[in-house]
Amino acid sequence: MLSIAQNGVSKVTSAGPNTVQHIEGELSLFTMSDHKILELIYTSHVHEDDSFDVDSLFLITENIIKRSNQIVDNIVQGTQVHVETIDEKPPKASFSSPLCTLKSIGCEASGEEIAHKSTLSILNKLSTYSWEAKAVLALAAFALEYGEFWLLAQIHQSDLLAKSVAILRRVPILLKPADLQKRRQAVVELNTLIKTTLQVIECIFELEKLSAYDPKDVPALAIAMDHIPVDVYWSIITIVACATKVHLLTSDEDKPHDLSQYSQKIHYILNKLKIQLIICKKQIEEAETYRKLRKLFQTPAEVMEVFKALIFTKDNVQPIIDGSSNKTVTIDVLRRKYVLLFISNLDISDDDIAILRPVYEGIKREDKYKIVWIPIVEQWTDELRKKFEILRSKMPWYTVQYFSPVAGIRFIKEEWHFKGKPAVVVMNPQGKVENTNALHLIRVYGMKAFPFHKSIEDTIRNDKEWITPIVNDIHPSIQTWIKEEKYIFFYGGKDNEWIQQFTKKATAVANDPFIKELKINIELYCVGKSAKGGEDLGILGRFWNGIESLFFTNVNKQTDTVTKEVQKLLSYKNESGWAVLSKGSTVVVTGHGFTILKVLEDFERWKEFIKEKGFEVSFKAYHEKVIQTMKHCCRLDIPSVAGKVPETMKCPECPRTMETFVSYKCCHTDGPINAHH
């Protein structure tokens, strides 16, 4: 490569240092798109030859380049570097140097336009080799002559044969004190560029080694590998440009050949490859942790050991914080305990924390149960650390203080379906998961659902009093109404006009002399409306969170009556109006605003049946007639961040399977909220 470089030198410099050479018509080399480069170089690539020992050649080339760099530092900069600092690895004993190939690709010219053509010529000659092998062979061809040059520079004064060969190699020309002083900066810059190019090829080599992993485990690898051919092109063209620079530095004429654009490009590629390697290695570590955790959860293991593997990377176990004393303790406090893992990001409300307080108070007397908050943060910042401290100070239970991504983050997302909303995973002392998300149970039933095993859902899901835990604490009068077995209309909606109409009609029915005569007591409660008529977003949020939680505790039991009623109510969340009629704590009917309003408007048509059948049976029977004539689309919004979403959903109002759509919603607060419906 060095020996024939002079053939193109006159072409490189005849136009002057500031002239922009062009290739492929008017397209400059350094403005050529990656897509264009791929088009040009892919035509030269055929089936890869896997038999070539590229690993050994790279080791030898790396040794030559690094030792040559040391000699440059010693001779040109006067820096003494100990040879022992290089970790030299030997090639395989069976390695045979591809000398003919190295010599053939060394016989190429250079210059911006000529360097491009030379690079394409080299790629054609190496058409059967893999992309990383092409880069290594080109660097080896350069190293063969570059290493010889600096070896001669080191020994030519003490060895007569080396002295003669050095003269033919023009070594003394560069080493003349005056020339060396004048060209010192150029030699240093060249040496740095060669080091950087070696690092680029080393990164390419490392990425290629990672290709043995499953692409599903390392999605970033596919992106990196797709760009390897272009990175190889830039590595080879930089090597060709360096070969030209070496020739110019050893010539009698002082001809310029600027390498700054090559340097900028190769440094950019190196930084990009380093970032890609970091991402790939992180994904590999996550994949290996994921597999380890899956295996761990399939066989009984002590809960503390499972917790350690879930949270911390190897040999980096940190203490956790005891919120009751604000002191750090070892994770041994979890040994042989039932552990409730409170998993969330930092976007949690005081209500989310308050849900767990009664549980904490209920279990703290016993030493068998522990709650641990696991904050899920992909990238910690100073601002997030401050937010973490504020949230932590509100929690009396244990907290993981680990300002690195949780080791088992992929497992938590894929196996426990964590998508951002808070969850409570219940684990027994043997490390077995009893419930992947007990928060829905806790939100609705509190300590009534203790110890929050999945089986608890089956014992309470058919409870016709499902509305009671949702509404019990939203108004002081409600508990009294429920105890007195009164009829209660819970209602609300997006349309204030509908709410006013419903209030008027329901009040009229409640005060009707016929109803009064039968001593039927009817109360009204508009959910989410304050005493002054404004919206109470706190109550509204808690109500619908409770209904959502009820839905998720029953989602796999789509055939029973309670599940259908809950699903029906949830489908009315974004409608103009909705209503639930209960008698005490027992739900009588759940309906769309228009159908329930129609029943009230037609009160005169069905009130005579009340004496014979009772208010609730008569109301429900007439409502059944109304929904046969007033058809409307049933739409169910399930936030995708809520956890595992059913693949299919039966309509709560007819036997059909609901269609699935994807929509996106933004409330202009903390960013977009994804929702499936």
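The notes below deal with the structure included here. (Residues numbered from 1 in each chain as written. Predicted model: local features only at pLDDT ≥ 70, side-chain atom pairs only at ≥ 80, totals over all residues. Heavy atoms only, no water.)

**Observations regarding the overall build of the protein**
Within the protein, the regular secondary structure consists of 28 helices and 14 strands. Put simply, the protein has 677 residues, and 51% of those count as buried. When contacts within the protein are restricted to residue pairs at least 6 apart in sequence, long-range pairs at least 24 apart make up 72% of them. For the protein, the exposed area adds up to about 33300 Å²; of that, 52% sits on carbon and sulfur atoms. (Helix = DSSP H or I, 4+ residues; strand = E, 2+ residues; numbered from the N terminus. Buried < 20%, exposed > 50% of the residue type's maximum accessible area, 1.4 Å probe, protein only. Contact = heavy atoms within 4.5 Å. Areas by Shrake-Rupley, 256 points an atom, 1.4 Å probe, with all protein chains shown as cover.)

**Section: the pattern of salt bridges**
Throughout the structure, instances matching the rule amount to 28 salt bridges. Between Lys370 and Asp367 there is a salt bridge, with the nearest N and O atoms lying 2.7 Å from each other. Residues Glu604 and Lys607 are paired through a salt bridge, measuring 3.1 Å at the closest nitrogen-oxygen approach. (Salt bridge = Lys/Arg side-chain N within 4 Å of Asp/Glu carboxyl O.)

**Topic: the nonpolar core**
Counting residues in each nonpolar core, the largest one holds 84 residues, and the members touching the most others are Leu137, Phe142, Trp150, Leu207, Tyr233, Trp234 and Tyr262. Here this core takes 16 residues from helix H6 (residues 131–155), the largest share from any one element. Sequence-distant contacts of Leu207, defined by excluding residues within four places in its chain, comprise Leu221, Ala224, Met225, Ile228, Leu273, Gln276, Leu277 and Cys280. Of all hydrophobic cores here, the second largest spans 57 residues; its members include Ala449, Phe452, Ile474 and Trp544. (Core = buried A, V, L, I, M, F, W, Y, C linked by side-chain atoms within 4.5 Å.)

**Some details on the packing of aromatic side chains**
Think of a pair of aromatic rings as described by two things: how far the centres are apart, and how the planes are tilted against each other in angle. The tally for this structure, following the rule as stated, stands at 29 aromatic pairs. Of the aromatic side chains, those joined through ring pairs into one cluster are Tyr487, Phe489, Tyr491, Trp498, Phe502, Phe603, Trp606, Phe615, Phe619 and Tyr622. One residue, Lys134, lies across the ring of Trp131, its end atom 4.9 Å from the ring centre. Between Lys583 and the ring centre of Tyr487, over which it is positioned, the NZ or CZ distance is 5.6 Å. (Phe/Tyr/Trp six-rings, centres within 6.5 Å; stacked < 30°, edge-to-face > 60°. Lys NZ or Arg CZ within 6 Å of the ring centre and 35° of its normal.)

**Remarks on the environment of Val444**
Examined against the element boundaries, Val444 turns out to sit in helix H17 (residues 439–445). In sequence terms Val444 and Pro469 are 25 residues apart; their C-alpha atoms lie 5.8 Å from each other.

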